[in-house]
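Read off the chains here:
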Amino acid sequence: MLLILTEAFEESTDLVLEWLLHYKIPFFRINQEDKVTLQEMNISNEAFSFSIVVNDAVSIHANEITAFWYRRGFLHTPYSYQQDHFFTDNPQLAKDINQNLYTELQNLKQVLYEYLDNRAHINSFASRNNNKLQHLQLAAGLGLKVPHTLVCTQKANLRSFYEQHPDGIIVKPNSSGFFFKTEEEGITEDYAVYTNCISADDLEVFPDDFFPTLFQQKLSKQFELRIFYLQGKSYAMAIFSQQDKQTELDFRRYNIARPNRNVPFKLPAALQQKIKQFMKQVGLGSGSLDMIYTPEGDYYFLEVNPVGQYGFTGAAGNYPLDQLIALHLKQQYEKEKVS
Amino acid sequence: MKKKKYHKFPEALQQQLPLYYYYFEAIGETDTSLQSRVRFHGSAPLQTNRSAVRNFYKHISRML
């Protein structure tokens, strides 16, 4: 059986599963919203096995899992480790017990994830994070051009970086985006942070010391590239985001009334090869890469999101990405079944 | 283009945050595709401020 770990509201997973049904590949989908409990883990000199129960209903034994697709999310193991009300007179003990139970549970989950990573698989829980700092460093090491990047904690350093880059500097998270909702007087509001340009006025407002923050040289662009990578192949689209004030810094500030023009794009063979090397080094079988093509004709690597959405790349490029993922999973499953 | 509305964190807290926290902008009211993107990212729906706070600290701890 092919095991899939994902989220309940994940359209790409739904579409891949339709193809798996078509190809008659047996699979089981675990969403991060599902409750997963460990029934047993058995370790001896002869064998290793475990069984888990999903939503108190379906039992899965380790040897049933032949292949694994890590799409998104995590195994939700809702054991309670909130002991505080038992130890009101000793809050430190409650804290220590909670920490101990948490560690015990993390160890169990680590072994489950490692077992899944040792099956034929696409991506893994361990490589799910979009660590821009790590990825930029690896990309630069492989000869991909990267924008000059600074992480600092003091305004003096930031000011010096700002002065080094007359075309401007940007600020963004070093991990994936973060969203939150507020509720005030019955009015809810969603907030997100995108890439922003730092102005001289902003510099005046910032405190002298701050939490480690990532800044980057602002690059001029002819267009942006969104590249979906799958097992050695790149499927790219060019996004003409720079012609619209709303999207020029970050295409995710979608202009609904007048969307950016997105077209399929063929990457140079040498760049495809470098992307392949890069993805191998970061241990990703698939992912969504963002790059910039400058007016000077240079390709700059920005980041890779291991769990990024690829539906719009498939649609704009006319790439059958859901089917390609399903075919790859089918191949993995059949290879493991035979061996 | 619609004028952006930024979220203001308490000033004392702002100094303990990455500087991109100055730029959290309101989304969603007129932008349905972004709302669905939020849903697909699994970070939402954040129904209460409590969950927003929990996610906030999770996010901070991931960065260090």
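In the block above lies the structure referred to throughout.
Residues numbered from 1 in each chain as written. Chains lettered and ligands numbered in written order. Predicted model: local features only at pLDDT ≥ 70, side-chain atom pairs only at ≥ 80, totals over all residues. Heavy atoms only, no water.

Draft legend 1. Expanded view of the pattern of salt bridges. Residues and elements named next belong to chain A. Enumeration according to the criterion identifies eleven salt bridges over all chains in this entry. For Glu 204, the salt bridge goes to Arg 159, with nearest N and O atoms at 3.6 Å. Within this pair, whereas Glu 204 is found in helix α5 (residues 200-205), its partner Arg 159 is found in helix α4 (residues 155-164), the two being separated by 45 residues in sequence. You can call Glu 204 exposed: its relative accessible area is 53%. (Salt bridge = Lys/Arg side-chain N within 4 Å of Asp/Glu carboxyl O. Helix = DSSP H or I, 4+ residues; strand = E, 2+ residues; numbered from the N terminus. Buried < 20%, exposed > 50% of the residue type's maximum accessible area, 1.4 Å probe, protein only.)

Draft legend 2. Inspection of the sheet that holds strand β10 (residues 179-184) of chain A at higher detail. Read across the open sheet, the three strands follow the order β10(A)-β11(A)-β1(B); overall the sheet is antiparallel. Bordering the open sheet on either side are β10 of chain A together with β1 (25-27) of chain B, each of which pairs with just one other strand. Going across the sheet, the axis of each strand differs from the next one's by a mean of 45 degrees, ignoring polarity. Bridge count between strand β11 (residues 187-192) of chain A and β1 of chain B: three bridges; the pairing is antiparallel. Bridging from a neighbouring strand, Tyr 191 of chain A pairs with Ala 26 of chain B of β1 of chain B. (Pairing = 2+ DSSP bridges. Axes fitted to C-alpha atoms, helices over the stretch in contact; angles between N-to-C directions.)

Draft legend 3. Quick peek at the packing of helix α1 (residues 11-22) of chain A against helix α8 (residues 321-338) of chain A. Residues and elements named next belong to chain A. Running from amino to carboxyl end, α1 crosses α8 at an angle of 55 degrees, the nearest separation of the two axes being 8 Å. Looking at the two axes, α1 sits oblique to α8. Here the hand of the crossing between α1 and α8 comes out right-handed. Facing α1, whose interface residues are Ser 12, Leu 15, Val 16, Trp 19 and Leu 20, α8 presents Asp 322, Gln 323, Ile 325, Ala 326 and Leu 329. Broken down by class, the residue content of the contact of α1 with α8 amounts to seven nonpolar, two polar and one charged. (Parallel < 35°, antiparallel > 145°, perpendicular 65-115°, else oblique. Left-handed = near helix turned anticlockwise from the far one by under 90°. Contact = heavy atoms within 4.5 Å. Nonpolar A, V, L, I, M, F, W, Y, C, P; charged D, E, K, R; others polar.)

Draft legend 4. Main features of the pairing of strand β14 (residues 223-230) of chain A. Residue and element names in this part refer to chain A. The buried count for β14 comes to eight of eight residues, which makes it a mostly enclosed element. The side-chain alternation of β14 yields two buried faces, one formed by Phe 223, Leu 225, Ile 227 and Tyr 229 and the other by Glu 224, Arg 226, Phe 228 and Leu 230. Across eight bridges, β14 lies against strand β17 (residues 286-293) in antiparallel orientation. What sits directly across from Leu 225, in β17, is Met 291. In this structure, β14 lies alongside strand β15 (residues 233-240), joined through seven bridges in antiparallel fashion.

Interpretation in functional terms is not warranted from these geometric data alone.
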